Amino acid sequence: MKRQLFLALMALVGLTACGDNAEQSKVDSSVSEVAATTESLKEFKEPASVPVATPGLTPAPLKAEPIGIIKKLAVPYPENWIVAHDAAFFHFLEGKLFVIDPTAETVAEQVKGQISISFIGQFVQGTARPEMYVAETFYTRGTRGTRTDVVTIWSKEDLAPIAEIILPTKRSNTMPQRYALQLINNDKFLLVFNLTPATSVTVIDLDSREVVNEVPIPGCSLIYPTGPSGFSSICSNGGFYTVQLDQKGQVASKERIAPFFDTDKTPLFEKPAIINGIAYFPTFSGNVQPIDLNGTVPAIGELWSLTSDDEKKQGWRPGGWQLNETDDQGRMYILMHPEGYNGSHKDGGPEVWVFDVAKGQRVQRIKLENWGVSLAVTHGANPTMVVTNANMLLDVYDANSGSFQQTLSDIVMETPFVVYGAE
Amino acid sequence: MKWLDKVAEASSRKVAQRSSRRGLLKGLGGLLVGSAAFPLLPVARAAEGEKLGAPVDPGDPMQCEYWRYCAIDGFLCSCCGGTQNTCPPGTEMSPITWIGTCRNPADGRNYIISYNDCCGKTSCGNCLCTRNESDRPIYRPDKANDINWCLGTKSATYNCSTAIVVGVALDK
C-alpha cells in the first residue's frame, strides 16, 4: 500500500515536471522529500476484516448516510484515559488538548477528541461536574489588539465550550503547569493564579459561574488546595501563605507560615505530588519536603531523601517539567537523572523512581525506553504511566510492572509538556 | 541531556537540511558543553588607577553557549531580526524581566544580565535556547525563566529574548 502511494506521487510529480530540466531538478528534490515523508509513515495496516461481495451477486448500493452527526463521549471517561496538553511552544496562540486512550493500538482508537487552549493556557479537570476548565487569553487582532482573559468551561461529553467567565487581564502567563488553576471545596470554587508580576488569586464561584473575589498573595505564587475551602501559596522568602474562604468566596482567614527553606540555596520544585492531602515537594538536590495541607494551616513535615548516599555521589537528582505524579495506591513517581548540576533541574531523566511516601522508601526503579521530560499516571488498580519523551512523543508504560508498551507516534503534538490522567 | 535541544533540532531540521551551514545544529549541540566551550582566562583585575584595556565580549550571540545566555529560555533575538541587546523591528521590549548572573570568560567578571523579552508578534521560533543556571521556580519571579515576561507591554505575545548587560555583579 505504501509503495502504491509512493508510485502514485512519483507519477504525479513526474507529469508536472515533464520537459523542463530546471523544473526537473526542483521536482527531484520534492520527490526525495515525499519519499522521506512516506518512509517515515507507519506501515499501513489493512482493516482486520474486509467486507467481500457475495460471489455471483452484484452488491446492493450503499445507503445514504446522515450528514452532521457529531460524536459524544461517555462520561466519566475510562480510568486509563489521559488528557495531553500541547502548549504549541512555537506558536503559543494555538494550543490544544487531546483526549486519548493510551492503551489502544491505532490512532483511530487512541484519539477521542480535542479542545482548544489559547496562549499558553492553564487547564484543570472537574471531578464534581462533568466539566473541564481552561484559563486562556485572546487578543482581538490575534497577536495584538484588546486583550481578553477568560475561563472557558468545556463539556466532557461534547468537548464543546459551554460557558465563559471573563477574568481580569492578569492571569499568569507561564509555561503550563498544574498549580496555576485549581479547584477547591468539592469544585465549588475555581481559583486562577494571576501574575503581573504582582500576584493574586481570582476566585470563581462555579455554581453561579461568576468571579466573586480576588485575593492578593503578596510575594507568593501558585495554588495548593488546603483544608476544607482554602489554598496555600509558596513564597519568595521560603514560607507559605494560606487563605481559607467562606461560602461566598470571601477571605475567612489568612496566615503566613514562617520560612522553612532557602529559595536560593535549597530550592523546592513548585510541583508537589499530593497524596491524601499531603504535598510532597521534591527539592532540586533530591530531598522530599512533605507539607500536610489537610488542615486550615499547612503543617511542615520532616525532610527525607530520594537517594542513597551512593546515588547522591553519582549525582542522581529529580528533574523535568511535570516531573512527578501519584497513583491511587498512594505511590509517588518521579523522573530522575544522574550527574545533576546547577541548571539540570528541568532536563528530565532516563529513569522514573517510584516511592512509598508513607515509608519514604523506593519501591520501584523504571528504566525508560526514551529519555523522559514529563509524566502522568492514570487512575485505577492497574494504572498506565505516560511519559512525554525528549522527542515530544508520548511513551506508554504499564505503571505496576514498569514495562514499556508503545509510543503514541501517530498522534501529532509539538510540545505536550503536561499530561493528565483523566478524571 | 537537553530535551529542548531536540525540540529545537526537530523544528530546525528542515532548514539545516537545505543549508550548507550547519551552524545552528552545531550550536545547539554546543549546549551540552556550555561554559566549558570557553577557556577560562586568568582574571586581570584592575587595581586602583590601573589602566584598563578595551572591554571584551567573546562568543557568537547566535549560539546558545554565548556566555550571556546562562539563564535564558526562549528564542534568541539575534536569530529573529534583533541582536543580543536589541529587539527585532516592530516589536516592543518588555520593561520588566528576570535576571541572571553570568560569567564573561574573557575578563572573568560576573555580570548581571537582564533577559528582556521582545513582544507583540508570534513566537520567532529560531534558535531556541534553554539554559537554567540558577533558574528558580516562579515563586522567585526575579529568577524564573518559565514566565512569559511580556508584561507591561501593549501585547503579551512573546517573540524572542534578549540578554542585556546591566552591570558587574559581585566579584568572586
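Computed from a predicted model, the values in this text were never measured in an experiment.

So, how was this worked out
Residues numbered from 1 in each chain as written. Chains lettered and ligands numbered in written order. Predicted model: local features only at pLDDT ≥ 70, side-chain atom pairs only at ≥ 80, totals over all residues. Heavy atoms only, no water. Helix = DSSP H or I, 4+ residues; strand = E, 2+ residues; numbered from the N terminus. Buried < 20%, exposed > 50% of the residue type's maximum accessible area, 1.4 Å probe, protein only. Contact = heavy atoms within 4.5 Å. Areas by Shrake-Rupley, 256 points an atom, 1.4 Å probe, with all protein chains shown as cover. Buried area = accessible area lost by both parts, 1.4 Å probe. Salt bridge = Lys/Arg side-chain N within 4 Å of Asp/Glu carboxyl O. Polar contact = N/O pair within 3.5 Å; in protein donor to acceptor, adjacent residues only side chain to side chain. Disulfide = S-S within 2.5 Å. Phe/Tyr/Trp six-rings, centres within 6.5 Å; stacked < 30°, edge-to-face > 60°. Lys NZ or Arg CZ within 6 Å of the ring centre and 35° of its normal. Core = buried A, V, L, I, M, F, W, Y, C linked by side-chain atoms within 4.5 Å. Pairing = 2+ DSSP bridges. Axes fitted to C-alpha atoms, helices over the stretch in contact; angles between N-to-C directions. pLDDT = per-residue confidence, 0-100.

Q: Just checking my understanding: could you explain the overall build of chain B for this structure?
A: Each helix and strand in chain B was counted, giving two helices and eight strands. Ordering the α and β elements of chain B from the N terminus gives α-α-β-β-β-β-β-β-β-β. Burial analysis of chain B (172 residues in total) assigns 54% to the buried set. Put simply, of all contacts in chain B between residues at least 6 apart along the chain, 72% involve residues at least 24 apart. Accessible surface, chain B as shown: approximately 7,900 Å² in total, 56% of it carbon and sulfur.

Q: Looking at this model, I keep getting lost on the interface of chain B and chain A. Mind explaining?
A: Buried accessible area, meaning the area lost when the parts come together, often serves as the stated size of an interface. The interface is formed by 37 residues belonging to chain B together with 47 residues belonging to chain A. When chain B packs against chain A, close to 3,600 Å² is buried across both sides, 59% of that on carbon and sulfur atoms. Taken together, the links from chain B to chain A amount to four salt bridges. The partner of Lys143 of chain B in a salt bridge is Asp264 of chain A, and the shortest N-O contact between them spans 3.1 Å. Linking chain B with chain A are 18 residue pairs in polar contact (both at pLDDT 80 or more).

Q: Explain the state of the cysteines here, please?
A: Each disulfide consists of one covalent bond between the sulfur atoms belonging to two cysteines. Residues and elements named next belong to chain B. Tallied over the full model, the rule gives eight disulfides over all chains. One disulfide bridge connects Cys77 with Cys160, the sulfur atoms lying 2.1 Å from each other. Classification of the bridge connecting Cys77 and Cys160 rests on its S-S torsion, roughly 100°, and on that basis the disulfide is right-handed. Here Cys77 is found in the loop between strand S1 (73-75) and strand S2 (92-93), whereas its partner Cys160 is found in strand S7 (residues 158-161), with 83 residues between them in sequence. Taken as a pair, Cys77 and Cys160 share a single burial class, namely buried.

Q: Any chance you could explain the packing of aromatic side chains here in plain terms?
A: Centre-to-centre distance and the angle between the planes together describe a pair of aromatic rings. Applying the stated criterion across every chain, the model contains 25 aromatic pairs over all chains. With a centroid separation of 5.1 Å and an interplanar angle of 75°, the aromatic rings of Tyr66 of chain B and Tyr69 of chain B are classed as edge-to-face. Assigned by exposure class, Tyr66 of chain B and Tyr69 of chain B land together as buried. Cluster of aromatic residues (ring-pair linked, three or more members): Tyr179, Tyr224, Phe240, Phe260, Phe261 and Phe281 of chain A together with Tyr139 of chain B. One residue, Lys271 of chain A, lies across the ring of Trp321 of chain A, its end atom 3.3 Å from the ring centre.

Q: Teacher, can you tell me more about the nonpolar core here?
A: Nonpolar side chains in soluble globular proteins tend to be buried together. In this structure, Leu191 of chain A together with Tyr115 of chain B are the most contacted members of the largest nonpolar core, which totals 52 residues. For this core, the secondary structure elements donating two or more residues are strand S9 (189-195), strand S10 (199-205), strand S12 (220-226), strand S13 (230-235), strand S14 (240-245) and strand S17 (278-282) of chain A together with strand S4 (110-114) of chain B. Counting residues in hydrophobic clusters, the runner-up holds 39 residues, among them Phe89 and Val418 of chain A together with Cys87 and Ala156 of chain B.

Q: I keep staring at the pairing of strand S27 (residues 394-398) of chain A and nothing clicks. Help me out?
A: For a regular strand, side-chain orientation follows a simple rule: the groups alternate between the two sheet faces. All names here are of chain A. With four of its five residues buried, S27 lies for the most part within the structure. Bridge count for strand S26 (residues 384-389) against S27 is five bridges, and the pairing is antiparallel. Bridging across to S27, Val386 finds its partner in Val396. Two successive antiparallel strands, S26 and S27, enclose a turn made up of four residues, where Met392 displays a positive phi of approximately 65°.

Q: Quick question: what am I supposed to make of unusual backbone geometry here?
A: For residues that are not glycine, phi is negative in most cases, and the peptide bond is trans in most cases. Residue and element names in this part refer to chain A. The step from Val75 to Pro76 runs through a cis peptide bond, and the omega angle for that step is 0°. Note that Pro76 resides in the loop between helix H2 (21-40) and strand S1 (82-86). Between Thr196 and the following residue, Pro197, the backbone shows a cis peptide bond with an omega angle of 20°. Topologically, Pro197 is positioned in the loop between S9 and S10. Positive phi, close to 55°, is recorded for Asn185, a residue that is not glycine. When you line up the elements, Asn185 lands in the loop between strand S8 (181-184) and S9. In this structure, Asn186 is a non-glycine residue whose phi angle is positive, near 50°.

Q: Hey, could you run me through the pairing of S8 of chain A in this one?
A: Residues and elements named next belong to chain A. Burial of S8 is two-sided: the residues Leu181 and Leu183 facing one way and the residues Gln182 and Ile184 facing the other way are all buried. Of the strand pairs in this sheet, S8 and S9 are connected by four bridges, and their pairing is antiparallel. Following the sheet pairing, Leu181 is matched in S9 by Val192. Adjacent in sequence and paired antiparallel, S8 and S9 are bridged by four residues, among which Asn185 carries a positive phi angle near 55°.

Q: Before we go on, may I ask you to explain the side chain of Asn132 of chain B in this structure?
A: Considering the arrangement of structural elements, one finds Asn132 of chain B in the loop between strand S6 (128-130) and S7. For Asn132 of chain B, a relative accessible area of 3% puts it in the buried group. Side-chain polar atoms of Asn132 of chain B contact the side chain of Lys346 of chain A, separated by 3.4 Å.

Q: It is not clear to me how the sheet that holds strand S3 (residues 99-103) of chain B should be interpreted in this structure. Could you clarify?
A: Hydrogen bonds along the backbone pair up the strands of a sheet, which may run parallel or antiparallel. Residues and elements named next belong to chain B. The strand order across the open sheet formed by three strands is S3-S4-S8, and the pairing between neighbours is antiparallel. Edge strands, defined here as strands with exactly one partner in the open sheet, are S3 and strand S8 (164-168). Along the sheet, successive strands turn relative to each other by an average axial angle of 35°, direction set aside. Note: S3 against S4, five bridges, orientation antiparallel. Looking across to S4, one finds that Ile99 is bridged to Ser114.

Q: Which parts of the structure should I look at to understand the environment of Gln406 of chain A?
A: Residues and elements named next belong to chain A. Of note, Gln406 is situated in strand S28 (residues 404-407). Under the relative-accessibility criterion, Gln406 is labelled buried at 17%. Discounting chain neighbours no more than four positions away, the residues touching Gln406 are Pro102, Thr103, Ala104, Glu105, Gln110, Leu394, Asp395 and Val396. From its side chain, Gln406 meets the backbone oxygen of Pro102 in a polar contact 2.9 Å long. From its side chain, Gln406 meets the backbone oxygen of Ala104 in a polar contact 2.7 Å long.

Q: When you look at the confidence of the model for chain B in this model, what are you seeing that I'm missing?
A: As a general rule, the predicted coordinates of low-pLDDT regions are not to be interpreted in detail. Overall, the predicted model of chain B reaches an average pLDDT of 79, with 70% of residues at or above 70. No element of chain B has a lower mean pLDDT than helix H2 (residues 23-30) of chain B, at 31, and none a higher one than S2 of chain B, at 98.

Q: Help me understand the side chain of Asp327 of chain A, please; the structure alone is not making it clear to me.
A: Residue and element names in this part refer to chain A. In this fold, Asp327 is placed in the loop between strand S22 (324-326) and strand S23 (331-337). Polar side-chain contacts of Asp327 include one of 2.9 Å to the backbone nitrogen of Gln329. Not counting the four nearest positions on each side in its chain, Asp327 is found in contact with Tyr333, Val377 and Pro383.

Q: Before we go on, may I ask you to explain the sheet that holds strand S29 (residues 418-421) of chain A in this structure?
A: Residues and elements named next belong to chain A. One open sheet accounts for four strands, arranged S3-S2-S1-S29; its pairing is antiparallel. Only two strands of the sheet have a single neighbouring strand rather than two, namely strand S3 (111-117) and S29. Along the sheet, successive strands turn relative to each other by an average axial angle of 20°, direction set aside.

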